[in-house]
Amino acid sequence: MSLIVQKFGGTSVATSEKIMGAARKAIRAQQQGHQVVMVVSAMGKQTDVLVDLARQITEQPPAREMDMLLSTGEQVSVALMAMAIHALGGQAVSLTGGQIGIKTDSSHTKARIQSISSERMRKHLDDGHIVIAAGFQGVDDDYNITTLGRGGSDTTAVALAAVLRADSCEIYTDVDGVFTTDPRIVPSARKMERVSHDEMLELASLGAGVMHSRSIEFGKKFDVPIHVRNSASFSDEPGSIIGNLPESSDRAVSGCALTKNEARISLTGVPDKPGTMHRIFSRLATVNIAVDMIVQNIGAAGVADIAFTVLETDLPAALKTVGEAARELGGEVSHDANLSKVSVVGLGMATQTGVADRMFRALADARVNIQAISTSQIKISALVERAQGMEALRAVHDEFELEKPPQSRASFGDGATKVERPSPVDVVSRLQRMEDLTIDDIRLDQTQGRITISQLPDSPGIAAEIFEAVAAESLLVDMIVQGAGRDGLANLSFTVPRDAVLQAVGVAMDAADRLGCGPVSSDATIAILSVFGVGIRTHVGVGARMFKALSEAGINVEMINTSEVRVNVVVAADKGEAGLKALRTAFADVMG
Ligand code: ADP
Ligand code: ASP
Ligand code: MG
């Protein structure tokens, strides 16, 4: 018998009428012959109301008690949903996270799922019940209630779909599907028919609030078909499918997103030697803070400058931790809040030139100053002032004409990665460590060289000018990192294939002359070490583990960029092999 999971978000259960509407959908699915598991969020903005109540009592509520409080929102909805189904003549049973057997670790307010037992749900399903599961919650080994982080009901839904080997996981929300960007900020945004897991992972972690990014990790790991659709539509209007395929195979950019609440921490004058990054980032990992846009300046006079971004909500804890590290290492800590990050994402970007320059030009034309840049194979992010965030998002959405449907649709066989659905045995063994880190591969790339332009003026249009000159020569740029400048002067580094380094240096020197910055330096032979996995940026320990392994091998990290599926570090060419060996040893226990 087929089984479907249907998840209803806050707005979709905000009133008793909406709860009845959701109950009808579930009953209809059951009448069509499916077993049905519903996953339900707290009603409307109830979680925000509870957060606010806690803040009225104390600025820093204990995390355990916060989870105790927040989990009540979902408990209300599951009970009402079960009553609704009974009232409509159906049979249903509501279950909390603990009753289902969703075991998590003990990191309150951002817990990760460790295992889920399916027996109790199966028994109720076989008895003809609709199972109504409370989203967003679990219990740790000591039966403390935990929550999975804001928006975490999506993750509950996809995780339940994975353990139950569901035929589909439907996410009912208040928009028609996944759009090219948030339709509430950019009204011309277009609903996408499909989005690939990798693109959705990036979009979700870069601010596309429609899905909790960790739910996509499950979708990818366990190959769960996810269908995002509108709960308000009466007809069975198709939404968006998140799966193995992108929507189109010819587009460089598929979507864009904005993370509004970013803050940057800068450390200046830290010792430029192996182990520095490790000391800082392992401490941050211990307190479970995810770090992004890490920029390290090529050191001068034995000291380096490091900057990175964290979510503004993590800023106080991050500052405390980094302050401790700075006292040990030396160096000064400063920070800026009121920043936002605008990003473009697309699988096609990995093989097409001329994406960076277009994005930077669009921002320059909108008079938006770029404060930092970081890239991965399938995304480019720029840090901007918060007041300009929405305008920046609109500018890039327009530039890449995302409102227009793509010319061609992707199908299997045109380069898209078709993932084999894992065998049931495989799934069962992997489900025992549901949200554990798995690393798929570790690679060494010795084909690239680095160019660095220092002392860029901090004003709009500089990055656009440089990358337009680079694109005019059809140079395929791989990593770009900009930021961490002293006295308002930023540094910009990028990598190109080794045989193009000389040409790129020429272009960079001309541009530096025109813009009155520089000097330009280069290293024609660098090594890039990459760790591949799923959700590895949100697994905060990955960077720390990499830095530790490299520092113990006496290897200095020159550049770094992170994404949800890959972390890259640049090291000296003659350290490539040793670095590869060190990383393979360090991650041996989590290689998938
Ligand atoms: P739910 O309560 O159903 O989980 P959310 O508020 O978490 O709903 O997510 C839906 C919201 O996500 C939409 O109302 C929309 O404003 C926002 N959103 C952000 N980015 C996107 C995107 N790329 N596509 C669709 N919606 C998006
Ligand atoms: N109710 C929780 C929240 O608002 C979880 C969710 O809705 O996904 O974050
Ligand atoms: Mg949500």
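Structure shown above.
Keep in mind the model is a prediction, meaning the values are calculated, not measured.

Quick notes on the rules
- The numbers attached to residues start from 1 for each chain and follow its sequence in the written order.
- Lettering of chains starts at A and numbering of ligands starts at 1, both following the order in which they are written.
- Whole-chain, interface and lining totals are the exception, using all residues; otherwise, since this is a predicted model, local features are given only for residues with pLDDT of at least 70 and side-chain atom pairs are given and counted only at 80 or more.
- Side-chain numbers come from the whole structure's heavy atoms, not from hydrogens or water.
- Only DSSP runs of H or I with at least four residues qualify as helices, and only runs of E with at least two residues qualify as strands; both kinds are numbered from the N terminus onward.
- For a compact globule the rule gives 2.2 Å times the number of residues to the power 0.38, and the radius of gyration it is set against comes from C-alpha atoms.
- Burial status follows relative accessibility: with a 1.4 Å probe on protein chains alone, a residue under 20% of its type maximum counts as buried, one over 50% as exposed, and anything between as partly exposed.
- Here, two residues are considered to be in contact whenever any of their heavy atoms come within 4.5 Å of each other.
- Counted as positive: Lys and Arg. Counted as negative: Asp and Glu, with His and the chain ends omitted from the count.
- Here the site of a charge means NZ on Lys, CZ on Arg, CG on Asp, or CD on Glu.
- Between rings of Phe, Tyr and Trp, where Trp is taken as its six-membered ring, a pair exists when centres lie within 6.5 Å; planes separated by under 30 degrees are stacked, by over 60 edge-to-face, and by other angles tilted.
- Working rule: Lys NZ or Arg CZ, within 6 Å of ring centre, within 35 degrees of ring normal, means a charge sits over the ring.
- One heavy atom within 4 Å of a molecule or strand is enough for the residue carrying it to be called near that molecule or strand.
- The term polar contact refers here to a pair of N or O atoms within 3.5 Å; inside protein, the definition further demands a hydrogen-donor-capable atom paired with an acceptor-capable atom, and it admits residues adjacent in sequence only when both atoms are side-chain atoms.
- Computed by Shrake-Rupley with a 1.4 Å probe, the accessible areas treat only the displayed protein chains as cover when residues are assessed.
- Only Asp, Glu, Lys and Arg are considered charged in this grouping, and only Ala, Val, Leu, Ile, Met, Phe, Trp, Tyr, Cys and Pro are considered nonpolar; every other residue, Gly among them, is considered polar.
- The method works on a 1 Å grid over the protein atoms by themselves. A cavity is a set of points holding a 1.4 Å probe that cannot get out, a pocket is an open set with protein on both sides within 12 Å along at least five of seven lines, and residues with an atom within 4 Å of a point line them.
- Grid points are joined across faces, edges and corners, and a volume is the space filled by probe spheres set on the points.
- One speaks of a salt bridge when a side-chain nitrogen belonging to Lys or Arg is within 4 Å of a carboxyl oxygen belonging to Asp or Glu.
- Strand pairing is assigned whenever DSSP identifies at least 2 bridges connecting the two strands.
- Orienting the strands away from the viewer, one traces the path from the first strand over the helix to the second; a clockwise path indicates a right-handed crossover.
- In this description, a line fitted to the C-alpha atoms serves as the axis of each element, helices being fitted only across the stretch in contact, and the angle between N-to-C directions of two axes falls anywhere from 0 to 180 degrees.

Novice: Which parts of the structure should I look at to understand the overall build of the protein?
Specialist: Counting its regular elements, the protein contains 17 helices and 26 strands. Against the 2.2 N^0.38 benchmark of 25 Å for 592 residues, the protein shows a C-alpha radius of gyration of 24 Å, consistent with a compact globule. With respect to the principal axes defined by its C-alpha atoms, the protein has extents near 75 × 55 × 50 Å. Burial statistics for the protein: of 592 residues in total, 58% are counted as buried. Long-range pairs, those at least 24 residues apart, make up 78% of the contacts in the protein with a sequence separation of at least 6. The distance from the centre of the 57 positive side-chain charges to the centre of the 72 negative ones in the protein is 4 Å.

Novice: Just checking my understanding: could you explain the packing of aromatic side chains for this structure?
Specialist: Geometrically, a pair of aromatic rings is defined through the distance of the ring centres and the angle of the planes. If you walk through the whole model with that rule in mind, you get 6 aromatic pairs. On the numbers, 5.4 Å between centres and 35 degrees between planes, the contact of Phe-281 with Phe-547 is tilted. With Phe-281 in helix α9 (residues 276-286) and Phe-547 in helix α16 (residues 541-552), this residue pair connects regions lying 266 residues apart in the sequence. Its guanidinium or amino end placed over the ring of Phe-532, Arg-443 lies 4.3 Å from that ring's centre, counting from NZ or CZ.

Novice: Looking at this structure, how should I read the site of ligand 1?
Specialist: Looking at ligand 1, there are 17 residues lining it, with Thr-173, Asp-174, Phe-179, Asp-182 and Arg-184 nearest. The contact in question runs from an oxygen atom of ligand 1 to an N or O atom on the side chain of Asp-174, over 2.9 Å. Between ligand 1 and the protein, one listed contact pairs a nitrogen atom with a backbone N or O atom of Phe-179 at 2.8 Å. In isolation ligand 1 offers 570 Å² of accessible surface; the protein chains occlude 83% of this area. Here the shell around ligand 1 is built from residues that sort into 7 nonpolar, 6 polar and 4 charged.

Novice: Which parts of the structure should I look at to understand empty space enclosed by the protein?
Specialist: Where empty space is left in the structure can be found by rolling a water-sized probe over the atoms. Throughout the structure, instances matching the rule amount to 9 cavities of 30 Å³ or more. For the largest cavity, the lining is made up of 18 residues, of which Val-291, Ile-294, Arg-537, Val-540 and Gly-543 are closest to its centre. Contributions of two or more residues to the lining of the largest cavity are made by α9, α16 and β25 (559-562). With 4 residues, α16 is the largest single contributor of residues to the lining of the largest cavity. Residues belonging to the lining of the largest cavity are distributed by class as follows: 14 nonpolar, 3 polar and 1 charged. Considering only enclosed or pocket space, the second largest cavity measures out at about 120 Å³ in volume. Every residue lining the second largest cavity is counted, 17 residues in all, and those nearest its centre are Ile-370, Ser-459, Ile-462, Ala-463 and Gln-482. At the level of secondary structure, the elements contributing two or more residues to the lining of the second largest cavity comprise α11 (356-365) and α14 (462-472). Taken together, the residues that form the lining of the second largest cavity break down as 12 nonpolar, 4 polar and 1 charged.

Novice: Which parts of the structure should I look at to understand the pattern of salt bridges?
Specialist: Any two side chains of opposite charge can pair, so long as their charged atoms come close to each other. Applying the stated criterion across every chain yields a total of 26 salt bridges. In this structure, the salt-bridge partner of Asp-48 is Arg-150, at a minimum N-O distance of 3.0 Å. Remark: Arg-150 occurs in the loop between β8 (145-147) and α6 (153-163) and Asp-48 occurs in helix α2 (residues 46-57); sequence separation between them is 102 residues. Ionic pairing is found between Glu-465 and Arg-514, a salt bridge with its closest N-O pair at 3.2 Å. Here Arg-514 lies in helix α15 (residues 501-515) and Glu-465 lies in helix α14, a separation of 49 residues in the sequence. Its relative accessible area of 26% is what places Glu-465 among the partly exposed residues. Residue class for Arg-514 comes out exposed when judged on its relative accessible area of 51%. Counted as one network, the salt bridges with shared partners bring together Arg-279, Arg-283, Glu-324 and Glu-328.

Novice: Quick question: what am I supposed to make of unusual backbone geometry here?
Specialist: Generally, phi is negative for residues other than glycine and the peptide bonds are trans, each holding for most cases. The peptide bond linking Gly-518 to Pro-519 adopts the cis configuration, its omega dihedral lying at 5 degrees. Of note, Arg-165 is a non-glycine position whose phi angle comes to about 50 degrees, a positive value. Relative to the assigned elements, Arg-165 resides in the loop between α6 and β9 (168-173). If you check the backbone angles, Gln-455 has positive phi at about 55 degrees while not being a glycine. Looking at where Gln-455 falls in the secondary structure, it is placed in strand β20 (residues 448-456). According to the relative accessible area criterion, Gln-455 is partly exposed, its value standing at 45%.

Novice: What am I meant to see in the pairing of strand β1 (residues 3-8) here?
Specialist: Walk down a regular strand and you will see the side chains alternate between the two sheet faces. Across the 6 residues that make up β1, a large majority, 6, are buried. Alternating positions in β1 separate into two faces, Leu-3, Val-5 and Lys-7 on one and Ile-4, Gln-6 and Phe-8 on the other, with burial throughout. Two elements, β1 and strand β2 (residues 35-40), share 6 bridges in a ladder whose sense is parallel. If you follow Val-5 over to β2, its bridge partner there is Val-37. Handedness of the crossover is the feature at issue here: the chain leaves β1, passes through helix α1 (residues 16-31), returns alongside β2, and the resulting connection is right-handed. Strand direction decides the pairing type here: β1 and β9, joined by 5 bridges, are parallel. Considered in β9, the bridge of Phe-8 is made with Tyr-172.

Novice: Explanation requested: the environment of Thr-321 in the structure shown.
Specialist: Along the chain, Thr-321 falls in helix α10 (residues 315-329). For Thr-321, a relative accessible area of 8% gives the class buried. The sequence separation of Thr-321 and Ile-289 amounts to 32 residues, and the corresponding C-alpha distance is 10.0 Å. Setting aside chain neighbours within four positions, we find Thr-321 in contact with Arg-283, Leu-284 and Val-287. At 2.8 Å, the side chain of Thr-321 and the backbone oxygen of Ala-317 are in polar contact.

Novice: Explanation requested: the sheet that holds β1 in the structure shown.
Specialist: Consider a sheet: its strands pair through backbone hydrogen bonds, and that pairing is either parallel or antiparallel. Here 8 strands make up an open sheet; going across it, the order is β3-β6-β2-β1-β9-β11-β12-β10 and the pairing mixed. At either end of the open sheet lies a strand with only one pairing partner, and these are β3 (92-95) and β10 (194-196). Each strand axis lies, on average, 20 degrees off the axis of its neighbour in the sheet, ignoring direction. Across 4 bridges, β3 lies against strand β6 (residues 130-134) in parallel orientation.

Novice: Can you help me understand the environment of Gln-388 in this one?
Specialist: Locating Gln-388 in the fold gives a position in the loop between β18 (379-385) and α12 (389-399). Measuring from C-alpha to C-alpha, the distance between Gln-388 and Ala-366 comes to 9.2 Å, with 22 residues separating the pair along the chain. Not counting residues within four places of it along the chain, the set of residues in contact with Gln-388 comprises Arg-367, Val-368 and Asn-369.

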